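Structure assessment
Below, each chain spelled out in residue letters.
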Amino acid sequence: MSLLSSIIPSLNRTQSEQAQDGSAAPTVTPRYEIKENPDAFGLEVALPGVAKEDLELTIHEGEMTIVGRRSWKKPESWTQLYRETPLADFSLTLEHDNTFDAAKVHAELRDGVLRITLPKAEAIKPHKIAVV
Amino acid sequence: MKIVAYHQPRSATLAPLAAYTGRAPLVAFEREFDRLFNTAIADMFTLAPELGAGSNRFAVDLFEDKDNTYVRAELPGVDRKDINVEMVEDYLTISGSRKGFSADGKASEAVTFSRSVAIPEAVQADKVAAAYENGVLTVTLPKREEAKPRKISVEVK
């Protein structure tokens, strides 16, 4: 156990330290992918079973939070025989360095996949300077 | 002696630390390690690596009520016409392909997936219905008394 906790640092923390990270309610981290092209960053998050009205996307200074609540609840009459999908809500927090234009962020949720386009801020785009 | 060009750090190159201004630098490292380990552990134990190249396993739930058996499958980001639902004897097979995405929005190489689920009760194969909503496929399989082996293709709505 001590070997394991020396390998995985978060096991060594006390509960209160972990609660400060904001991970109080049980949540699962969704699968995500980050891509980049010269003009924008792209973020793709798999949120199966999350409807548009149950999705919350917040961009803070230096941090971006995606919370997806599962809208589907098992009807009363159904008996569960086998279950693999987690019941917990999705939660993903990503840190960023404010290098995109927050006003031009475009997000689209379709068929359980959230696609976010984060246009790069002018300041970090490469500029060609004409020599006079 | 070697002369190495000095590059003035820009905000972009200082990115990981810039996000932690005002906080102890070790906290930043600690959180970064937590994130790396949590991602690695999640990858090891996850049942449904929905996205990512080469991943083709997906999570399946099985429910029943007195008239039907229900199968729910998490298939985010799959086109309806790329999902095949097939009932062969007592097995429901869900298969299909998902197109990957590159940064410029063009579809890249497709990832195929397939999974068979044993249905515990005999099914009226001609009355099987499937619906796809929010990346979750729900297949409704009406129960029947005696089973006759046959193969039916089911249209996904």
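These lines cover the structure that appears in this document, whether it is placed above or below. This one's a predicted model, so the numbers in the text were calculated from it and none came from an experiment.

The next subject is the overall build of chain B. What chain B contains, in helices and strands, is two helices and eight strands. Tracing chain B from N to C terminus, the helices and strands come up as α-α-β-β-β-β-β-β-β-β. Relative to its 157 residues, chain B shows a buried fraction of 39%. Taking as baseline every contact in chain B between residues at least 6 positions apart, the subset at least 24 positions apart corresponds to 51%. For chain B, the exposed surface amounts to about 9,600 Å²; the carbon and sulfur share of it is 56%.

What follows is about the overall build of chain A. A tally of regular secondary structure across chain A gives two helices and nine strands. Each helix and strand of chain A, placed in order from N terminus to C terminus, yields the pattern α-α-β-β-β-β-β-β-β-β-β. By the burial criterion, 34% of the 132 residues in chain A qualify as buried. For chain A, the proportion of contacts with a sequence separation of at least 24, taken over those separated by at least 6, is 52%. Roughly 8,400 Å² of accessible area belongs to chain A as shown, and the carbon and sulfur atoms make up 54% of that amount.

Moving on: the sheet that holds strand 9 (residues 113-119) of chain A. Residues and elements named next belong to chain A. As summarised here, the arrangement of the four strands in space is 2-3-9-8, forming an open sheet in which the pairing is antiparallel. The open sheet has two free edges, formed respectively by strand 2 (32-36) and strand 8 (106-110), since each of these has just one partner strand. With direction set aside, neighbouring strand axes in the sheet form an average angle of 15°. As judged from the five bridges shared by strand 8 and strand 9, these two strands associate in the antiparallel manner. When the sheet's bridge partners are listed, L109 is paired in strand 9 with L114.

A separate point is the environment of T138 of chain B. All names here are of chain B. Within the secondary structure, T138 is located in strand 7 (residues 136-142). The exposure class of T138 is buried, given its relative accessible area of 18%. Spatially, the C-alpha atoms of T138 and V60 are 9.8 Å apart, while their sequence positions differ by 78 residues. If we skip the residues at most four places from it in the chain, T138 touches V71, R72, A129, A130 and A131.

Thresholds applied
- Every residue gets a number counted from 1 within its own chain, in the order that chain's sequence is written.
- Following the order in which they are written, the chains are lettered starting with A and the ligands numbered starting with 1.
- Thresholds applied to this predicted model are a pLDDT of at least 70 for local features of residues and 80 or more for the giving and counting of side-chain atom pairs; totals over whole chains, interfaces and linings are not thresholded and use all residues.
- Hydrogens and waters are ignored; side-chain quantities use all the structure's heavy atoms.
- Comment: elements are numbered from the N terminus, with helices defined as DSSP H or I runs of at least four residues and strands as E runs of at least two.
- Buried means the residue's accessible area, taken with a 1.4 Å probe over protein chains only, is under 20% of the maximum for its type, while exposed means over 50%, and partly exposed covers the values in between.
- For this analysis, residues touch if any pair of their heavy atoms sits within 4.5 Å.
- Note on areas: these come from Shrake-Rupley sampling with a 1.4 Å probe, and a residue is covered only by the protein chains present in the view.
- Pairing between strands is defined by DSSP: at least two bridges between them are needed.
- To obtain each axis, a line is fitted to C-alpha atoms, and for helices this fit is confined to the stretch in contact; angles are then taken between N-to-C directions over 0 to 180 degrees.

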